[in-house]
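Results of the structural survey
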2 protein chains.
Amino acid sequence: MATGRTHRPATRSRGIPEATVARLPLYLRALTALSERSVPTVSSEELAAAAGVNSAKLRKDFSYLGSYGTRGVGYDVEYLVYQISRELGLTQDWPVVIVGIGNLGAALANYGGFASRGFRVAALIDADPAMAGKPVAGIPVQHTDELEKIIQDNGVSIGVIATPAGAAQQVCDRLVAAGVTSILNFAPTVLSVPDGVDVRKVDLSIELQILAFHEQRKAGEEAGAGTAQQAAAARSDAADQGPDGDVPAVMPA
Amino acid sequence: MATGRTHRPATRSRGIPEATVARLPLYLRALTALSERSVPTVSSEELAAAAGVNSAKLRKDFSYLGSYGTRGVGYDVEYLVYQISRELGLTQDWPVVIVGIGNLGAALANYGGFASRGFRVAALIDADPAMAGKPVAGIPVQHTDELEKIIQDNGVSIGVIATPAGAAQQVCDRLVAAGVTSILNFAPTVLSVPDGVDVRKVDLSIELQILAFHEQRKAGEEAGAGTAQQAAAARSDAADQGPDGDVPAVMPA
DNA sequence: ATGTCTTTGTGAACGCGTGCACAAAGATGG
DNA sequence: CCATCTTTGTGCACGCGTTCACAAAGACAT
């Protein structure tokens, strides 16, 4: 998972476990798809399959929200969509600012998934004066000097940081000081924030490294057991070392 | 955290817990920074602070790798950088393909964090014939027809999917069939893959929804207890409803 | 050599999350 | 109204991950 929770150790928020909260958006997506196909009801088994989870887990997750199902029938799709939306706070409008309009920031601004669920890009902010006024995704970029004013005028409580790592903590501090209490961080840094502020991070590099670990392990197992050579054979230059073999100390920067 | 593990239920890979693997890149980043500042050794306490984790957790994590510390002194930075790099498989080259060169795909291609740790963008692939040959981040985009050939010629085992949701499963199937065994999925879909293939997903929309949940909870608590009005007051139009109040059924699409 | 001080490595307890398996609930048909 | 069948909701047990707390290990000074 490309995400990590910081702070809020594992406090059940009003009885709903954190792990369940993280799955609600998944259920909601599957349910929305069913709703668009005008499917009236769905069983836990079907919905679980669509969301890629265990059906018992799904039922237990829903049980935290209340008893919204009908035994022998399943769940009412529309009703469940509404209940989950409400639980996640998606029935209200969430203005969001994106700070750092580089390649990634621009991509995020253009991302459709933002607007679709109650999230509205209230402003794009960048430190480069040359960017100021230039429209990205139809929204003019504003300079960092305006940050505090933008946050306050728009009542923004969610900020997205897409700056270089070096600027992230500073931007974070300013966002928090201006009233932001939830931060989605794309910069490869550990942000420190005061109590009561939620930070979630998305880190491409970490995800790739985790994949590489498992990939290496697979390659090692293949080499160890005599089976399944095809993948190992296809790889050309992969420096066929054992998983534990001591290799010359060539380290990436 | 914008990531979720699919498959591989919780199998310790050669004794190293999954949770530990997910933190190793964090430690590595902190250690690399220390290394650049020529710091020779570091204590578990200092390093833990830099990585944003508990020091006991860090020590236990390192204990899975072996006994690399010196009691009374701490850990040798250079040695630890090397050991973790090796454990994560970063001492070898990992060619990666990015499929779907839209806004996000292009941003990923331009992302510096790729190249820095042994990951090399071997090819960019897009279904749009008009994109073919056009250079993005200095690499010419190739058409989807070439996918299988590219994978095999370059020995690619890690694929990044940045296509629209509708195309993701199909692209995934082709990647897997061609030999890819690790996938980083940015498309908002649940991918189904055969055993032995790892999928990690990065989903902006899910992260925002989780933040919204906690944000809503915070607002509710504030309203409930009579304290800390300043944040609630700053918010202008935020539809000041209780956390449980029944509201008119206005749902986002 | 001996004592002191720092810091690691880990045994043990605890809590969260997961999944099984089943009883309860309701729909449906006769 | 009763029997049957489907599907929910949940009690329970298990395992992973986290954290505490401390003994063991080594550095360093005397």
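Note that the structure is a prediction, hence the values are computed from the model and not measured. Per chain, residues are indexed from 1 in the order of the written sequence. Chains carry letters from A onward and ligands carry numbers from 1 onward, assigned in written order. The model is predicted, so local features are restricted to residues of pLDDT at least 70 and side-chain atom pairs to those at 80 or more, both for listing and for counting; the totals for chains, interfaces and linings are taken over all residues. No hydrogens and no water enter the side-chain calculation; it runs on all heavy atoms of the structure.

Attention shifts here to the confidence of the model for chain A. Residues and elements named next belong to chain A. A residue's pLDDT is simply how confident the predictor is in it, with values from 0 to 100. On average, residues of chain A carry a pLDDT of 86, and 81% of them reach 70 or more. Low pLDDT (under 50) marks residues 1-13, which in the prediction has 49 contacts with non-local residues, meaning those over four places away or in another chain. What makes two residues a contact is simply this: any of their non-hydrogen atoms within 4.5 Å. Across residues 226-253, confidence stays below pLDDT 50; counting only partners more than four residues off in sequence or on other chains, it has 36 contacts.

Next up on the list: the protein's contact with DNA strand D. Near DNA strand D you find 26 residues, and of these Ser44, Arg59 and Tyr75 of chain A together with Arg23 and Arg71 of chain B are the closest. A share of 66% is what sugar and phosphate atoms reach among the atoms of DNA strand D within 4 Å of the protein. Separating a base oxygen of DNA strand D from a side-chain N or O atom of Lys60 of chain A is a distance of 3.2 Å. Distance and chemistry together define a polar contact, namely a pair of N or O atoms within 3.5 Å, with one atom able to donate a hydrogen and the other to accept it when in protein, and with adjacent residues in sequence counting only for side-chain atoms on both sides. Taking Gly69 of chain A, its main chain carries an N or O atom lying 3.1 Å from a phosphate oxygen of DNA strand D. We count a stretch as a helix when DSSP gives it H or I for four or more residues in a row; a strand needs E for two or more, and each element gets its number in order from the N terminus. Secondary-structure elements contributing two or more residues to the surface near DNA strand D are helix H3 (55-65), strand E3 (69-70) and strand E4 (74-76) of chain A together with helix H1 (18-36) and helix H3 (55-65) of chain B. Grouping the amino acids of the surface near DNA strand D by side-chain chemistry returns six nonpolar, 10 polar and 10 charged. Any residue with a heavy atom lying within 4 Å of a molecule or strand is counted as near it. For this classification, the nonpolar set comprises Ala, Val, Leu, Ile, Met, Phe, Trp, Tyr, Cys and Pro, the charged set comprises Asp, Glu, Lys and Arg, and every other residue, Gly included, is treated as polar.

Turning our eyes to something else, we now look at unusual backbone geometry. Residue and element names in this part refer to chain B. One non-glycine residue, Ser38, adopts positive backbone phi at about 60°. Summarising the element assignment, Ser38 is placed in the loop between H1 and strand E2 (41-42). Each residue is assigned to one of three classes by its accessible area relative to the maximum for its type, calculated with a 1.4 Å probe on protein chains only: buried under 20%, partly exposed between the two thresholds, exposed over 50%. According to the relative accessible area criterion, Ser38 is exposed, its value standing at 61%. Here Ala137, not a glycine, exhibits a phi torsion of approximately 55°, which is positive. One can find Ala137 in the loop between strand E7 (135-136) and strand E8 (139-143).

In this section: the sheet that holds E2 of chain B. One key point about sheets: their strands pair by backbone hydrogen bonds, in either a parallel or an antiparallel sense. All names here are of chain B. Taking strand neighbours across the sheet as the criterion, the three strands line up as E2-E4-E3 in an open arrangement whose pairing is antiparallel. Edge positions in the sheet fall to E2 and strand E3 (69-70), since each has one partner strand and no second. Relative to strand E4 (residues 74-76), E3 runs antiparallel, the two being bridged by two bridges. Paired with Gly69 across the two strands is Tyr75, which belongs to E4. Pairing between strands requires that DSSP locate at least two bridges from one strand to the other.

Now for the side chain of Asn185 of chain A. Residues and elements named next belong to chain A. Tracing the backbone shows Asn185 in strand E10 (residues 182-185). On the basis of relative accessibility, which here comes to 1%, the residue Asn185 falls in the buried class. A distance of 3.2 Å separates a polar side-chain atom of Asn185 from the backbone oxygen of Thr189. Discounting residues that sit within four places of it in the chain, Asn185 has contacts with Ile161, Leu191, Val199, Arg200, Lys201 and Val202.

With that settled, consider the protein's contact with DNA strand C. Of all residues adjacent to DNA strand C, which total 26 residues, the nearest are Lys57, Lys60 and Arg71 of chain A together with Ser44 and Tyr75 of chain B. The contact atoms of DNA strand C, taken as those within 4 Å of the protein, divide so that sugar and phosphate hold 64%. Here a base nitrogen of DNA strand C sits 3.0 Å away from a polar atom, N or O, in the side chain of Lys60 of chain B. Tyr75 of chain B places a side-chain nitrogen or oxygen 2.7 Å from a phosphate oxygen of DNA strand C. Elements with a minimum of two residues in the surface near DNA strand C: helix H1 (18-36) and H3 of chain A together with H3, E3 and E4 of chain B. For the surface near DNA strand C, the element with the highest residue contribution is H3 of chain A, accounting for four residues. Of the residues belonging to the surface near DNA strand C, the class tally is seven nonpolar, nine polar and 10 charged.

A few words on the environment of Gly89 of chain A. For Gly89 of chain A, the position within the fold is in the loop between helix H4 (77-88) and strand E5 (94-99). Expressed as a C-alpha distance, the spacing of Gly89 of chain A and Gly118 of chain A, which sit 29 residues apart in the sequence, is 8.9 Å. Leaving out residues up to four positions away in the same chain, Gly89 of chain A has contacts with Trp94 of chain A together with Gln216 of chain B.

Pairing within the open sheet is antiparallel, and its three strands lie in the order E2-E4-E3 (chain A). The two strands at the open ends of the sheet, each matched to only one other strand, are strand E2 (41-42) and E3 of chain A.

Right, let's talk about the packing of helix H2 (residues 44-51) of chain A against H3 of chain A for a bit. For any two helices packed against each other, one specifies the inter-axial angle together with the distance between the axes. All names here are of chain A. Contact pair H2 / H3: the axes reach a minimum separation of 8 Å and the direction vectors enclose 105°. On the basis of their axis angle, the class for H2 and H3 is roughly perpendicular. When H2 is examined against H3, the residues Ser44, Glu45, Leu47 and Ala48 are found in contact with a partner set consisting of Ser55, Leu58, Arg59 and Phe62. Here the residues of the contact of H2 with H3 are counted per class, giving four nonpolar, two polar and two charged. The axes are straight lines fitted to the C-alpha atoms, using for helices just the contacting stretch, and the angles between their N-to-C directions are given from 0 to 180°. Comment on the angle field: the value is read as roughly parallel under 35 degrees, roughly antiparallel over 145, roughly perpendicular from 65 to 115, and oblique elsewhere.

A word on the packing of aromatic side chains. Each Phe, Tyr or Trp ring (for Trp, its six-membered ring) is paired with any other whose centre lies within 6.5 Å, and the angle between the two planes then decides the class: stacked below 30 degrees, edge-to-face above 60, tilted in between. Considering all chains together, one arrives at six aromatic pairs over all chains under this definition. Ring-pair connections join several aromatic residues into one group, and the members of that group are Tyr27, Phe62 and Tyr75 of chain A.

Bringing the side chain of Arg23 of chain B into the picture now. Residues and elements named next belong to chain B. As for its position among the elements, Arg23 is in helix H1. At 2.7 Å, the side chain of Arg23 forms a polar contact with the side chain of Asp61. Ignoring anything within four residues of it in the chain, the contact list for Arg23 reads Val53, Lys57 and Asp61.

Attention now moves to the UniProt feature "binding site: NAD(+)" (unreviewed entry) in chain A. Taken from the UniProt record, the annotation "binding site: NAD(+)" (unreviewed entry) applies to Gly100, Ile101, Gly102, Asn103, Leu104 and Gly105 of chain A. You can see Ile101 of chain A is positioned in the loop between E5 and helix H5 (103-110). Each residue touching Ile101 of chain A, except ones within four places of it in the same chain, is listed here: Ala106, Leu124, Ile125, Asp126, Met131, Val136 and Val141 of chain A. Inspection of the secondary structure assignment puts Leu104 of chain A in helix H5. Judged by its relative accessible area of 24%, Leu104 of chain A is partly exposed. Ignoring sequence-local partners within four residues, the contact set of Leu104 of chain A consists of Ala162 and Phe186 of chain A together with Leu104 and Ala107 of chain B. UniProt positions are given in the numbering used here, feature names are shortened, and annotations may be inferred rather than shown by experiment.

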